[in-house]
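Coordinates in review
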Amino acid sequence: MKAAGPSRDPRSTDRLGELIGDDDIGHEGRAVATDHAAVKTWLRLLACTTQIETEIRRRLRLHFDMTLPRFDYLAQLHRFHDEQPQGLRMNQLSRYLMVTGGNVTSLTDELEKSGHVTRNVDPDDRRSFRIALTMRGRRAFEKVAAEHERWVVELLGDLDTDESRQLHALLGHLRLSLTRQLEGDPPR
C-alpha cells in the first residue's frame, strides 16, 4: 500500500487548479464554490474521463496509427468472436458502438480495405452483412489491446488497491442509481 502523502489527502483536491494549473483544469474549471456537490462531482468525472481518453487517443495514434473508434470497432468484433464466429451484423455493431450505421459503414470500408475484417452477406438475412475479424485483424487487435490495457493500468496506477476497489464500487452504485432513475422517470 502506498504511503498517504499530501497529494493523497482528499482535501488537497479542493485546490486542484493550483496543483495542476489553470490551463490543465479542463471541465472542472467551470465549477464555482457555490455549485452543488453533485455538479462538482459530475465535472470532475467528466474531466477525468476526458483526460484519460485524450491520452489513450494520443497513444493509439502515436504507437499504432489507430483511432479510438477503430479500436472500439475491432474490440466489439473480438469480444463476440467466440460467440458469433461468423461475425456481427452491421446494425449490431452500430448498437454496441452507439454510433450511426453510416459511421459503421465507413469504418468497415477502411478496415476491409486494410485486411482487418471481412464483410459477407448474412445467410439468415440476405439484406444484411456480417462483419468478422480476419486473422490479421485479430492479431493486430490483440497486440493493440494488450498495450491499451497497460496504458489504462498505468494511468490509474496511482490509486492503491483499496482506493481502486472503492472507486469502482462507488461508480457501480452511481450507474445502478442512474439506471433505476432513468428507467421509470421521464426527463424533467
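Residues numbered from 1 in each chain as written. Predicted model: local features only at pLDDT ≥ 70, side-chain atom pairs only at ≥ 80, totals over all residues. Heavy atoms only, no water.

What follows is about the overall build of the protein. A tally of regular secondary structure across the protein gives seven helices and three strands. From first element to last, N terminus to C terminus, the protein shows the α and β order α-α-α-β-α-α-β-β-α-α. Taken over 188 residues, the protein has a buried fraction of 26%. Counted over contacts in the protein with a minimum sequence separation of 6, partners at least 24 positions apart contribute 51%. Carbon together with sulfur atoms contributes 55% to the accessible area of the protein, which is approximately 13,500 Å² in total. (Helix = DSSP H or I, 4+ residues; strand = E, 2+ residues; numbered from the N terminus. Buried < 20%, exposed > 50% of the residue type's maximum accessible area, 1.4 Å probe, protein only. Contact = heavy atoms within 4.5 Å. Areas by Shrake-Rupley, 256 points an atom, 1.4 Å probe, with all protein chains shown as cover.)

Grouped together as the largest cluster of nonpolar side chains are 24 residues, with contacts concentrated most on Phe71, Tyr73, Leu74, Leu77, Leu93 and Val117. In terms of residue count, helix H3 (residues 68-79) provides more of this core than any other element does, six residues in total. When sequence neighbours within four positions are dropped, the list of residues in contact with Phe71 reads Leu60, Met66, Phe141, Val144, Ala145 and His148. (Core = buried A, V, L, I, M, F, W, Y, C linked by side-chain atoms within 4.5 Å.)

What follows covers H3. For H3, which comprises 12 residues, the first-to-last C-alpha distance of 16 Å matches the rise-based estimate of 16 Å (1.5 Å per residue) to within 8%. Of the positions making up H3, those classed as buried are Leu68, Phe71, Tyr73, Leu74, Ala75, Gln76 and Leu77. (Expected span 1.5 Å × (residues − 1).)

Before going further, it helps to examine the sheet that holds strand S3 (residues 125-133). Hydrogen bonds along the backbone pair up the strands of a sheet, which may run parallel or antiparallel. What the three strands build is an open sheet, ordered S1-S3-S2; its pairing is antiparallel. Of all strands in the sheet, those bounded by a partner on one side alone are strand S1 (88-89) and strand S2 (117-122). Seen against the sheet, helix H5 (residues 101-113) touches S2 and S3 and runs at an angle of roughly 120 degrees to S2. (Pairing = 2+ DSSP bridges. Axes fitted to C-alpha atoms, helices over the stretch in contact; angles between N-to-C directions.)

A word on the pairing of S2. One ladder, built from six bridges, connects S2 with S3; its direction is antiparallel. Bridging across to S3, Asn120 finds its partner in Arg130.

All told, the structure shown has three aromatic pairs when counted by the stated rule. Taking the centre distance of 6.1 Å and the plane angle of 50 degrees together, the rings of Phe64 and Trp151 count as tilted. Of this pair, Phe64 sits in helix H2 (residues 37-64) while Trp151 sits in helix H6 (residues 135-155), and the two are 87 residues apart along the sequence. Relative accessible area serves as the criterion here: at 1%, Trp151 is assigned to the buried category. Centroid distance Phe71 to Phe141: 5.3 Å. Interplanar angle 35 degrees. Geometry classified as tilted. In this pair, Phe71 is assigned in helix H3 and Phe141 in helix H6, connecting sequence segments 70 residues apart. Grouping residues by exposure puts Phe71 and Phe141 together as buried. (Phe/Tyr/Trp six-rings, centres within 6.5 Å; stacked < 30°, edge-to-face > 60°.)

Attention now goes to the pairing of S3. Here two bridges tie S1 to S3, and the two strands are oriented antiparallel to one another. Residue Leu88 lies in a different strand from S3, and its bridge partner there is Ile131.

Let us look at the side chain of Gln84. Within the element layout of this structure, Gln84 appears in the loop between H3 and S1. Beyond its immediate stretch of four places on either side in the chain, Gln84 contacts Gln92 and Arg130.

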